[in-house]
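Each chain is listed here by its residues.
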Amino acid sequence: MTKMVRAVLPYAARASRVLAAAFMVLAGAVFLINAGVSVAYRYPLDYGEAPLVDQAMRLQAGERLQAGVRLQTGERLYDPDLAAPPYTISNYPPLYPLALVPGVALFGPTFAPGRLLSVLCAIATAVALWFIIRTHTQQRLAAWLAATTFLAWPYVVEWSALLRIDLLALALSTWALYVVSRWPRDRRATVVAGVLLVGAVFTRQSYGLAAPLAAFVWLWARAGWRRALLLAAVAAVLGGALLLLLVLTTGGGFWTHIVSANVNAFDFNRVGDRANEVARFAPVMLAGGLAVLLLGPRALSAWPLVVPYLVGSLVSAVTIGKVGSNVNYLLEFCAAISLAASALVGWLRQTSGPPPSTARLWRGVLGVVAVVAIALQTGFLVHTSLDGPVQARKARRATERAVANLEGIVQASADPVLADEYMGLLTIQGRSLYLQPFEMTQLSLAGLWDQQPLLAEIAQHRFPLILIHHFPDWLVYKERWTQEMVRGVLASYEATGFYGDTLVFQPRVHRLLSTAEPCPGAPWPAPTRGDFGIMWFTRELAFLGEGYEGTVPVTAVADGLLMRRPEWADAVAIQHDDPLRRGEKVWTFYGNMVVSAEDRSLVDVSFPPGTVAVPVRAGQHLGYQGRSWGTEIRWVHLRFAIAPALEDGSFPAPLVGLEGNEVPVPVEMRLLDPSPYLSTLSSNVMGTPVWLPAQCLP
Amino acid sequence: MNSQADGAKPAVWRTILVALLWALSAVLSVVMIPTTLDAVTRIFAAFWGDGGVFGRDYWNIVMIRQLLTAVMAILAVAIIVGGAEYHVRAFNTERSWKLLTNTLALEVALLLVAVVV
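The structure presented is a predicted model; accordingly, all values stated were derived computationally and were not measured.

**Student:** How would you explain the overall build of chain A if you had to name every residue and give the values?
**Tutor:** Counting its regular elements, chain A contains 25 helices and 18 strands. Put simply, chain A has 698 residues, and 51% of those count as buried. For chain A, the proportion of contacts with a sequence separation of at least 24, taken over those separated by at least 6, is 73%.

**Student:** Quick rundown of the nonpolar core? Include the residues and the values.
**Tutor:** Residues and elements named next belong to chain A. Leu129, Ala176, Leu177, Ala215, Val306 and Leu339 are the most contacted members of the largest nonpolar core, which totals 239 residues. Element by element, the count of residues in this core is highest for helix α15 (residues 331-348), at 14 residues. Not counting residues within four places of it along the chain, the set of residues in contact with Ala176 comprises Ala193, Leu196, Leu197, Ala200, Ala211 and Ala215.

**Student:** Before we move on, can you summarise the interface of chain B and chain A with the specific residues and values?
**Tutor:** Taken together, the contacts link 17 residues of chain B with 20 residues of chain A. The set of elements that each furnish at least two residues to the side of chain B that touches chain A consists of α1 (12-47) and α3 (94-116) of chain B. At 12 residues, the largest contribution of residues to the side of chain B that touches chain A is made by α3 of chain B. Classifying every residue of the side of chain B that touches chain A by side-chain character gives 14 nonpolar, two polar and one charged.

**Student:** How would you sum up the packing of α1 of chain B against helix α2 (residues 56-89) of chain B? Please name residues and give values.
**Tutor:** All names here are of chain B. Relative orientation of the contacting elements α1 and α2 amounts to 170°, with a least axis distance of 10 Å. The angle between α1 and α2 places the two elements in the roughly antiparallel class. Tallied by class, residues from the contact of α1 with α2 come to 18 nonpolar, seven polar and one charged.

**Student:** Kindly report on the domain arrangement of chain A, identifying the contributing residues and their values.
**Tutor:** All names here are of chain A. For chain A, the assigned domains read domain 1 (2-45 + 111-381), domain 2 (402-507) and domain 3 (534-692). On a C-alpha basis, the centres of domain 1 and domain 2 stand 37 Å from each other. With 10 residues of domain 1 in contact, the opposing surface of domain 2 contributes 12 residues. Among the residues making up the side of domain 1 that touches domain 2, the classes are represented as seven nonpolar, three polar and no charged.

What counts and what doesn't
- Residues numbered from 1 in each chain as written.
- Chains lettered and ligands numbered in written order.
- Predicted model: local features only at pLDDT ≥ 70, side-chain atom pairs only at ≥ 80, totals over all residues.
- Helix = DSSP H or I, 4+ residues; strand = E, 2+ residues; numbered from the N terminus.
- Buried ≥ 20, exposed ≤ 12 C-beta atoms within 10 Å, placed from the backbone.
- Contact = placed C-beta atoms within 7 Å.
- Core = buried A, V, L, I, M, F, W, Y, C linked by C-beta atoms within 7 Å.
- Nonpolar A, V, L, I, M, F, W, Y, C, P; charged D, E, K, R; others polar.
- Axes fitted to C-alpha atoms, helices over the stretch in contact; angles between N-to-C directions.
- Parallel < 35°, antiparallel > 145°, perpendicular 65-115°, else oblique.
- Domains from an automatic or database assignment.

Rendered as C-alpha cells:
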C-alpha cells in the first residue's frame, strides 16, 4: 500500500496542481470581470461612495489643507459643529479621501478612479498574501492559493470594486505583515511596517487590531520583545501624534466624526446571520483555519503571525453587528482565513527531501487532499459570488436608464437636494452633499444630534427635491431616515416619480388620495394610504404605504357586504351598489394583507375565512397592508381591484385566479378601471407595472 | 511509475492502463467541449445576459461560443491524435505519465469548473 502511494503521490500532486490552477484562473477571471464592469459603471453602486467623493471634492476645492484639515472654503472635513449644515459626517480618517484627490482633480468627481484604486488594492492584498505564504512555506502553490482564495470570496468580489476605504486599509496592513514576516530582525523593516500599520489605521480605524496584533506577536516570537516593542512604539508615537494633530486642529471634530459618529446600535442577530453565512459559504476554509489553530507554533512557523491575525480579524468581524454595517467588516477575516488555510497547505506539502518517512508520506497525501479541497472551495466561493454580489450588481446596472432619468431630475433641480442611496447623482455633478441621512439618523437616535432644524427646513420646503431609496426586499429607508424625517417628508412633500427603486419627492402642490374623504368628484375615498405612490397592474392597483407590514390600515371604501372565501389567507371582497353604473352591483377586492415570510394573515379577525355577506360600513377597518411572495411588488402594499358582479351579484372568482376558465377572459374585461371611482390617475399600459403618484385629479 | 530506461519489457497491465487512460482522456476531451461552453455561457450570463435573443449580449455570447468551440475542438484533436502518438513513442516513460496526468487533470478540472459554476 505504502509503496503504491509512494509511486502515485507525485502524479496525484501534479494533478492537484492542475486542478487548483483551473479554479484559480476561474476566480481571477470572475474577480477581474466584476471589477471591470463595476469600474466602468457611471452611477453609484453603494450608499457609502458619494460621501467619500464629497470629502475628496471638498479637499480638492480647498486647494490646500490649512492646519491639517481646515479648508480654505471655510468648510471642514471634521467639523465639530454638527448643528449647522451641511449635515455630513466623515466616518473615516482622511487617508483614502486624500488618495482620491488626484483622481478628482484629473477626471472630475466620477467614481471610476476610486473604484479602480480599490481593485488595485485588492490585488495588492492578494500579492501580499502570496508573499507572506511564500516566505513562510516556500510553497508557490500554497502562495497562489492564498492569493486566489482571497479574491474568490464573495465579500471581496462585492467590495473590491466599490469606491470605499476598506481595500486600501487591508492592502496597507497585509503589506505590513509581509514586511515583518520577511525581515523580522531588520530594524528599518520594523519601522516601515509600523508606518504601514498606521497608514491602515488612518484609512479605517478598525484596522488597529488584527494586523498590529499579529505583527507584534510575530516579532516577539521571532525577533524578541525589543523588536516587538519597537513596532509598538513606532505605531504609538506616529499614530498618537497624527491623532493628536487631527483632534487639535479640528477642535475635537475628528474624534466626533471618527468615534462618536460610528457608535451605532448593535444587533447580535446580524452577527449570527453572518456567521452562518460564512460557515455555509466556506466550510473548508474554516476547517483549515481551525487546523492551523490546533497545529501550534512548533509545527507551523507562521503560527505566531497567522493565528493572532485570524483571532484579531474575527474580533473585528463581530462589529458587523452594528446597524448599517456591511460585508466590508469581513474583509480582514477573509484575508486571515485565506492565509491560514494556505499556510496549512504549505505545511502539509513540505515533504521534500529523500527519503520521505511514512508519516511525511501520508502528510503529503493530506497535502494533495487539502489542495483539492481548497480548489473546490474556491470554486464554490466563485459560484456564490456569481449567484450573489454579481447578480446584485447586474440588477443595479440594469436600472442604469432609470438612474439616468433620476440624474436628469437632479440636474434640473436647484440646491440643496436631499438623497440617500443616490447621493452620488449630486457628486458626479460636482455638487456637495447637504445631508448624509443614515449617519445623522444614527446620531439623532443616539441623542448626539438635534434634528429639529432639519425638520423645520423640510416643513418649509427648503429642499426642492428629496430622493428616498427603498430596496425591493428591505425597507432600508427605515435605517437611513428618522421616523420624524419620513413623517415630515410625507406631510410636506408628494411622491412625483419613481426611478430605480427611488422615490422622487417634491414640495406638495396636489391633493393626495385619502382614506378620510374622496377626491373631488369621486364616489369613494382610497382604501388605504399610498404614501409612496401607486403601482398600476392592468387595472389592479397596489397602494404603497409607508411602514412595516401590519402597520398601514386598510378600510372599506363604501358600505357593502363583505365576503372572505375559506381559502383566502390575505384577502377580503365587498359587494357594493355601483356608484357609477346605477342599478349594478360591483365588488371591491382587498388583497395581499399578509406577511408571507411569517405566513401571518393581516386581515381583521372580525372577518375569519368563510365569512359571507357581513355588512360593513365605509371606513370600517379591514386589515393592514402586507407583503406577499405571490406578487412583483416587494414593498408593503395593498392590492386593490374593482370587478363587476356576475349576473346573480356574486363575486367573479376568476378575478383572483380562483376558478380556471376554458377560455381565459382578458383582465381588462374582468376588471373595471378603478381611477373613476377614486378620481386618480390611470394608465393605459397593460401587462407592465406602472408607477403613478397617489394624486387626486385636478 | 517506473521508466523504461532499464530496457525491460513493459508489463501488460501498464500497456492496458495507458490505453485506458488515453481512451478516457479522448472521451473527456470531447465531453468537455459542451460543458466548457456552457460554463463560459453561464459566467457571461451572470454578468451581461439580459434573457433576450435580440440583444447585443446574446450575439456576443454566440460569437464567444463559436470561437471557443474551434479552440476546444483543436485541443480535443491534439489530445486524441497527438496524445496517442506521444504515448506510443514515449511509452511508460516519466514524461508520458506526466502528460497523461496533466491531460486528465485538466479535463477533470474543466468538468468540475463547469459543475461548480
